[in-house]
Amino acid sequence: MKVSKAREQILGRIRKGLSSGSFPMPFPEVEKDDARQYFEKSDLSKEEWYATEFIKLGGKFVFCENEQDFVHNLIALAESKDWKDIVCTVPTILDLCRKQQLEWVHTIDSSNSEADASITGCELLVARTGSTIFSSKQHMGRIAPVYYPAHIIVAYMDQVVEDLPDGLQYILDKYKGNLPSMINLNSGPSRTADIEKTLVVGVHGPGEVFCFFINKPKPLQS
């Protein structure tokens, strides 16, 4: 009882302090203005900017002129990695792989939970941070980008935004009053330095992340 009473007293003081507004904003000008004006600008195109930042984070960027070029690059990557089983959540890409008789590219089911890699789409690419936005509205959006050892992101030229506020506004406009229950911002391969401050890659998600950028507008059905 005494512990519970002391806990409530502490929480009460915290609530009172928060409600009194006694903690001033450290950088109030950022709240008033567009924060992007405080960041360094880039002379690169949005696509080049994203690629540059994505590579800095440990990602591997693959430029594809069209879908056929995507297939050639995918085959080369799979052969170099000796991948035998890849799952895919993008209908147009899956159909393309089937037409090219890539039998090692499948839909996700219980028989390929140990696949070598996954292919997914994305909501957007964020140029300034080299990050990728995913959501639960995408097919297998909670699982496919994080479960498998390697992750291949398929993105198109009209899916790149300059900064995170642009991306969030896009999500708000796209889904209006029916927002996804999960919006995820991924920045390169999974990594942590929690253990003895040593950086380890691939602990909580994919150890390798590839972005296959297709230089044309996104098909409506993908």
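Coordinates for the structure precede this section.
Since the model is a prediction, treat every value here as computed from it, not as a measurement.

S.K.: Quick rundown of the pattern of salt bridges? Include the residues and the values.
M.R.: Taken as a whole and assessed by the stated rule, the structure comprises nine salt bridges. In this structure, E8 engages R7 in a salt bridge whose closest nitrogen and oxygen atoms are separated by 3.4 Å. Between K84 and D82 there is a salt bridge, and its shortest N-O distance comes to 3.1 Å. Each of the two residues, K84 as well as D82, counts as exposed. Here the salt bridges do not stand alone but share partners, grouping K60, K81 and E208 into one network.

S.K.: How would you explain the state of the cysteines if you had to name every residue and give the values?
M.R.: What the rule picks out here adds up to zero disulfides. With no disulfide of its own, C97 lies 5.9 Å from the sulfur of C88, the closest cysteine sulfur. Taking relative accessible area as the criterion, C97 reaches 1% and is therefore assigned buried. Left unpaired, C211 is separated from the closest cysteine sulfur, that of C122, by 6.8 Å. We classify C211 as buried; its relative accessible area is 0%.

S.K.: Can you break down the sheet that holds strand β3 (residues 105-106) residue by residue, with the values?
M.R.: Taken in spatial order, the six strands make up an open sheet running β1-β12-β7-β4-β2-β3, and their pairing is parallel. Whereas interior strands pair on both sides, the edge strands pair on one side only; in this sheet they are β1 (60-64) and β3. Bridge count between strand β4 (residues 117-120) and strand β7 (residues 150-156): four bridges; the pairing is parallel. By the bridge assignment for β7, S118 is matched with H151. Helix α4 (residues 67-81) contacts β1, β2 (86-88), β3, β4, β7 and β12 (208-214) of the sheet and is inclined by roughly 160 degrees relative to β12.

S.K.: Account for the pairing of strand β6 (residues 131-135), naming residues and giving values.
M.R.: Both faces of the sheet carry side chains from a regular strand, because those side chains alternate between them. Burial analysis of β6 places five of its five residues in the buried class, which makes it a mostly covered element. A two-sided burial pattern is seen for β6, the buried positions comprising S131, I133 and S135 on one face and T132 and F134 on the other. In this sheet, β6 lies alongside strand β5 (residues 124-126) in antiparallel orientation, the contact comprising three bridges. Paired with L125 across the bridge in β6 is T132. Connecting β5 to the next strand, β6, in antiparallel fashion are four residues, including G130 with a positive phi near 65 degrees. By the bridge criterion, four bridges tie β6 to strand β9 (residues 183-186) in an arrangement that is antiparallel. Following the sheet pairing, T132 is matched in β9 by N186.

S.K.: I'd like a description of the nonpolar core, backed by residues and values.
M.R.: The biggest cluster of nonpolar side chains holds 26 residues, and the ones touching the most others in it are F70, L74, W83, I93 and F212. Elements represented by at least two residues in this core include exactly β1, α4, β2, α5 (91-99), β4, β7 and β12. Per element, the largest residue contribution to this core is five residues, and it comes from α4. Not counting the four nearest positions on each side in its chain, I93 is found in contact with F70, C88, I119, V154, Y156 and I214. In terms of nonpolar packing, the next biggest core, distinct from the first, is built from 13 residues, Y50, L125, A127 and V209 among them.

Thresholds applied
Residues numbered from 1 in each chain as written. Predicted model: local features only at pLDDT ≥ 70, side-chain atom pairs only at ≥ 80, totals over all residues. Heavy atoms only, no water. Salt bridge = Lys/Arg side-chain N within 4 Å of Asp/Glu carboxyl O. Buried < 20%, exposed > 50% of the residue type's maximum accessible area, 1.4 Å probe, protein only. Disulfide = S-S within 2.5 Å. Pairing = 2+ DSSP bridges. Helix = DSSP H or I, 4+ residues; strand = E, 2+ residues; numbered from the N terminus. Contact = heavy atoms within 4.5 Å. Axes fitted to C-alpha atoms, helices over the stretch in contact; angles between N-to-C directions. Core = buried A, V, L, I, M, F, W, Y, C linked by side-chain atoms within 4.5 Å.

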